[in-house]
Amino acid sequence: MSNEMDRRRFFATTLGAGAKLAAATASPPATADSVVWIWLPGGIAQTDTWDPKSHTPYRAGMRGSEVLGTCESIHTAADGVRIGSGLESIAEVMDRGCILRSLTSETKFGAVHLKAQHYMNTGYLFPAGVKAPGIGAVVGRTLGRRDRGIPAYIYIGRDIDTSDEEKQFIGEYIGPGFYGPEHAPFMIPDPGSGLATLAAAAGMSRERLELRQRILLRASALQPGVKDSPQAALWLRNMEEARAMMDSPVKAAFDYHSQERPETLRAYQPAIGPEQVRDKTYYYGHRFGHGLLLARRLVERGARFIQVEYQYGPFKGFDMHEHGRDRMMEMKRQIDRPIAQLIRDLDERGLLRRTLVVIATEFGRTIASGRAAGREADGFAENHTGEDLTIDTESMYGFHGHFSSSNAMLFFGGGFRQGLAYGRTADRHPMTVVEKPVSIVDAHATIYRALGIPPDTHYVTEGRPFHATKDGKGVPVADLLV
Amino acid sequence: MESGTKTFGKLISRVLFLAVPLAGFGAGLGPEVQTLLNGRCAGCHGGPAPSAGLRLDRRPGSPVVIAGDSSASRLMQRVTAETNRMPPAGPPLSVADIERLRAWIDAGAPWPEIQPAAIASNAPADPALLKALSEPGEAALIARRGQRLARVPKPAGPGDIDAYILARSPQGRLGTPCDDSTFIRRVYLDVIGVIPTIAEAREFASDTTSGKRERLIDRLLARHEDYAANWRPFWEDALASVAYNSLGGIPTNGDFRDWISRNFRDNRPYDLMVAELLDPAMPGHPASTVKFGDRTRVISFIRNDSQPAALMSAANTGQVFLGMRLKCASCHDHMENAAWPQSRFLAFAGLFAGRDMEQIRCERSLQRTIPASFPFPLSGAPSTVPVDARERAHYAATLLTDPANPRFAQTIVNRLWKRYLGLGLHEPADDFREDRQAVHPELLEWLAYDLMEHGFDLKHTIRRILNSRTYQAAYDAKLAGSSFPSPQLRRLTAEQFLDSARVAVSQRFDPRLRLYQDESSSALSRSLGRPAMRNEVSTARPADVAVVQALELLNGGDLHHLIYSGDWIEQTARERDDGAKIEALYWAVLTRAPSADELALGVRSLGELAKAGATALQREIAWMDDAIPESARTVTKKEFRPWEWIEDPAAHGKAHRHAGDGEHGFELADPPLRIDPGDTLYSEVWLDPRKPPTEIGLTLTDGVRTYDVSWNGARLPSPGVWRRLEATAEQLGAAARAVNGARFRQTGGVAHWDRLGVRKKRLDPRAAPLGDMAWALMNSPEFHYVQ
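Reference entry: report on the structure contained in this document. Keep in mind that this is a model prediction, so the values were computed, not measured.

Cut-offs applied
Residues numbered from 1 in each chain as written. Chains lettered and ligands numbered in written order. Predicted model: local features only at pLDDT ≥ 70, side-chain atom pairs only at ≥ 80, totals over all residues. Heavy atoms only, no water. Helix = DSSP H or I, 4+ residues; strand = E, 2+ residues; numbered from the N terminus. Buried < 20%, exposed > 50% of the residue type's maximum accessible area, 1.4 Å probe, protein only. Areas by Shrake-Rupley, 256 points an atom, 1.4 Å probe, with all protein chains shown as cover. Lys, Arg positive; Asp, Glu negative; His and termini not counted. Charge placed at Lys NZ, Arg CZ, Asp CG, Glu CD. Contact = heavy atoms within 4.5 Å. Buried area = accessible area lost by both parts, 1.4 Å probe. Salt bridge = Lys/Arg side-chain N within 4 Å of Asp/Glu carboxyl O. Nonpolar A, V, L, I, M, F, W, Y, C, P; charged D, E, K, R; others polar. Phe/Tyr/Trp six-rings, centres within 6.5 Å; stacked < 30°, edge-to-face > 60°. Lys NZ or Arg CZ within 6 Å of the ring centre and 35° of its normal.

Thoughts on the overall build of chain B
Helices and strands together make up the secondary structure of chain B, namely 29 helices and 21 strands. Structurally, chain B occupies a C-alpha span of about 95 × 70 × 55 Å along its principal axes. In chain B, which comprises 787 residues, the proportion classed as buried is 59%. Of the roughly 29,800 Å² of accessible surface on chain B, a fraction of 53% belongs to carbon and sulfur atoms. Here chain B contributes 96 positive and 96 negative side-chain charges, whose respective centroids are spaced 1 Å apart.

Next comes the structure, spelled out in structure tokens:
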């Protein structure tokens, strides 16, 4: 009982303070309180999704430059805005979204996905000299928690125990960087199995767990010397907070299987399962879809920033270097229904007004410069037109080249304008931005603006300020905002 | 109190007297206030993670300090407040100090500024140095060391750590000596990175002869492998060592693991070690090449394949070996350190880049090239910098490690001091500034000289520190965050924590089980502060834990299993009465006897926990069943055979069939399979009675090492029936490893295989109460920190 009281008092004091600070720094009024950042790494062909050109069907011997789109484009609920086929559900909710078609990067990443992902997630080029925090950590640290029982930054859909060096690298830049462990994301690898550590370890009864926790506190209070240290106080407070987390709304959010209606669960299922894709060893559709459902439940309960990832794998998922047409269709059918359902659910609940949903990938795609795609030297694919490439098998048909010069990003709700496509890219290769280019830094600044975070928000490390946007100079794109 | 204040006043005047002459400050209070803030505040409000984001190791801004208005300044409110007064630990600031702060703010809060140091020197070049420059190699460097040191004036002073500390102790005394059990735990963790076993601790406690602490220090320092193992994570972080030359197309600094281990095992002179790291002309220089597309890149701590890589390498070198944070001077003048305009940094970077650097300010070229030069005045150094890139690197490495460059030795002795006492003599340890005093400048200077005089033998300096009364003082919470005479609490690294936890619950130290050898990353190791990936240079691990990490300690399966499956825990739980169990547990975990209150709490708790009940637990983890693990890949090397999955009702589904000699397998499974001590690997097999193989076997691999087990002759299972084959983690030699591949081997015949996995060691319910107690003690602050 008294334990419980202490816990409550603790939350009231420490977490309340964070909220106050946030209010003081939020100079322009925020239009969003929460963010769901849907992260689709691999590099999505904007031409087959958010920025379609003409459909140019496969023909043996066609020039690469002739390939402008591998699918038809379809009408959406937004007047005059078309997107690629395979995204029929999202098309129905496009009246609530805004497509930024002129996102561009001055740095050309060539073959290197991880650097481009680092840039999109942190706003800093790698190496940044210090470990740069992910955007979720920036938002979490600056705005603090919305609900005192829910971590400010939650990350869904990425493995955490790993011996894979690329995954280890990614684990760093989606993390808190130099902010330190306090701002680390709350990692939920698989929404279906929940977060194992929110439940007692196998064989621990609730009774034993409580008893053990009490013994920890009592034994610690008897430890000579250490018990009076500031470190001990902080340590035990965190152990207590962790214990409290086991009873928090986060945990309740996981019980979606029993609490959501079957039709809702189905709505968050992808249209195709693992047996229907070319590479049966790489499929995260169900995990992704349910990740979005979990994100919705967490937003309802007061989450601040949730990132949901379709887990990246080199040459897997959206990273297509052959069979681009077919694989793109498979991926679209995996993400289409769950994303649309998230938008619909948030809207129906009145949450979309103050919740910003972002869809992002690290770069766009273009036609490959050679048969063996994905090995372009830095910047090479950016300028070429595909004139020199002969598409002589269907496996070569698709957008297999990395393209940093143009990329698309989507925004739903949270104070962004709706039913709009912003910016324009060329209709022929190279499909670079021809109207209203927006840098990644400015795109971040726009998101921060919606959240009421000034772009020069900064925290000091190694004796220098490290800003939310590079050098504090990001400029929000006013035309994207209401 | 009165006398304490007076001593402190005296101290300040002495600091003023000793201070480097500072140019350009007006009101004389600045340096005093700097010293005061550094001594009492910057311990928390400074360093890599300043408390509340506030730094007091530099001039604070509004609203903390509002120049000219002390009463509105938050700093004054906080140091004089009734509640939540700052500093939180130690005595409040004296009236004199508070008045000094007030006067300083009202005078406009002046902060000393310094002039950039002279960069070049006009003195004639020293032949000893010229010789070392013209003859690359270790012998020349060693000869140079002595000759050059002879030109450096020997610091005056007592030549004894404790005397220096005493001279500046505000309390006018050294700290109270710590007791033997605190000492043994501290020194074990500091030297070899694990806690002692009960037997080791008791033996030390019962030794009544004099000089036993010194002997223990020598014994531990002589455990070369264990000593090197304890250093390796620090240097892996500091060099950004990555096991691969390229990560998804990004070049890394390369793999320094073996190089670090070798250098510390052999206690290589530090100057030679660093010269070898920086200078491609040294025979053991760690570097390799890797092809990126058409380009071949040199992978090394110094990379100069692009302007950003060269700048970063120079900044990293400055940070790690010269205690200078220069990254922000790579794009523009250093914002807070006027001694480092961008041009000075670019001159430094040009030494490593192999070419003079173009000045690009905030991404715009100034159309100017900065000639390379060594950034510190160095008597006897030739001012002409070689043009050839390799000669230039040799020039840079030779000057950097030169005894006449005091910053090099000071940076490492300061790191040693920080490592063993929790706070550097100069803080932040990565950011020496001309405008900021070390807390004990004379001691820093002497330790650096002493290290050089003893041939850059790190163990010599470590031995000096560990034998000092200052190191052997008891922790005093009242002095937390302030400098000495009490050591600070230091958080165990992930490696120290997990290695020690293993020793505690098994009462055995097995170097093969140490975490530093595990290249995988787990939620637990990250929670304990081990980075998933060393993609940036870092010299500090997180000092704290937050809720996500705490949850891992609370409920994480890995730590739970480690503690509750400990042999010693089980054995002790079976054999002793409750009082003896608690007594032994305190020795095992905290290396000390419990107090009467602790004993009573422990015994009472065991009773309560026993009533709460527990059930026997056995878990099996099936790694492979009817298909290879989800993310794994078939081994396709040409001597390997493809997988042949067949329907086999007797296998409850599919089995993979193997006929004839050879192997088939998978690799790169992720997550990897973790094998703890006590685990048993199993796989099921059916041998064709018509054509049984003569030998079958399993090989597990983590990508680098392999672990084999074979069955032949009488050990072959009987044919015609499905059998389970088992091998313990210890038989395989794979305990405490994470493996990501498996191969099935066979000589002749036909076999069907199915199901591969591990059976975790059974958790004995009778051991649960003592396991719970062990968990509580291991997650208490006393275990997580070195006291």
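Looking at the interface of chain B and chain A
Tallying the contact residues gives 83 residues for chain B and 77 residues for chain A. Carbon and sulfur atoms supply 62% of the area buried between chain B and chain A, which totals about 7,200 Å² over both sides. Summed over the three residues of chain B that lose the most area to chain A, namely B:Ile250, B:Glu536 and B:Asn555, the buried surface amounts to 9% of that side. For the pair chain B and chain A, the interface holds two salt bridges. Notably, a salt bridge pairs B:Asp772 with A:Arg208, separated by 2.8 Å at the nearest N-O pair. Here the side of chain B that touches chain A takes nine residues from helix α22 (residues 547-555) of chain B, the largest share from any one element. Per-class residue counts for the side of chain B that touches chain A are 42 nonpolar, 18 polar and 23 charged.

Structural notes on the packing of aromatic side chains
Here the structure, examined in full by the defined rule, presents 41 aromatic pairs over all chains. With 5.6 Å between their ring centres and 85° between their planes, A:Tyr153 and A:Phe305 make a pair best called edge-to-face. Here A:Tyr153, found in strand β6 (residues 153-156), pairs with A:Phe305, found in strand β8 (residues 305-309); they are 152 residues apart in sequence, far enough to count as distant. Between B:Tyr270 and B:Phe408, the aromatic rings sit 5.1 Å apart at their centres with planes inclined by 20°, giving stacked as the arrangement. Within this pair, whereas B:Tyr270 is found in helix α13 (residues 270-278), its partner B:Phe408 is found in helix α17 (residues 406-421), the two being separated by 138 residues in sequence. Note on accessibility: B:Tyr270 and B:Phe408 belong to one class, buried. In this structure an aromatic cluster arises from ring pairing among B:Tyr227, B:Trp231, B:Phe234, B:Trp235, B:Phe264, B:Tyr270, B:Phe301, B:Phe321, B:Phe408 and B:Phe456. Positioned over the ring face of B:Trp231 is B:Arg419, at 3.7 Å from the centre of the ring. Sitting over the ring of B:Tyr682, B:Arg724 keeps its end group 3.8 Å from the ring centre.

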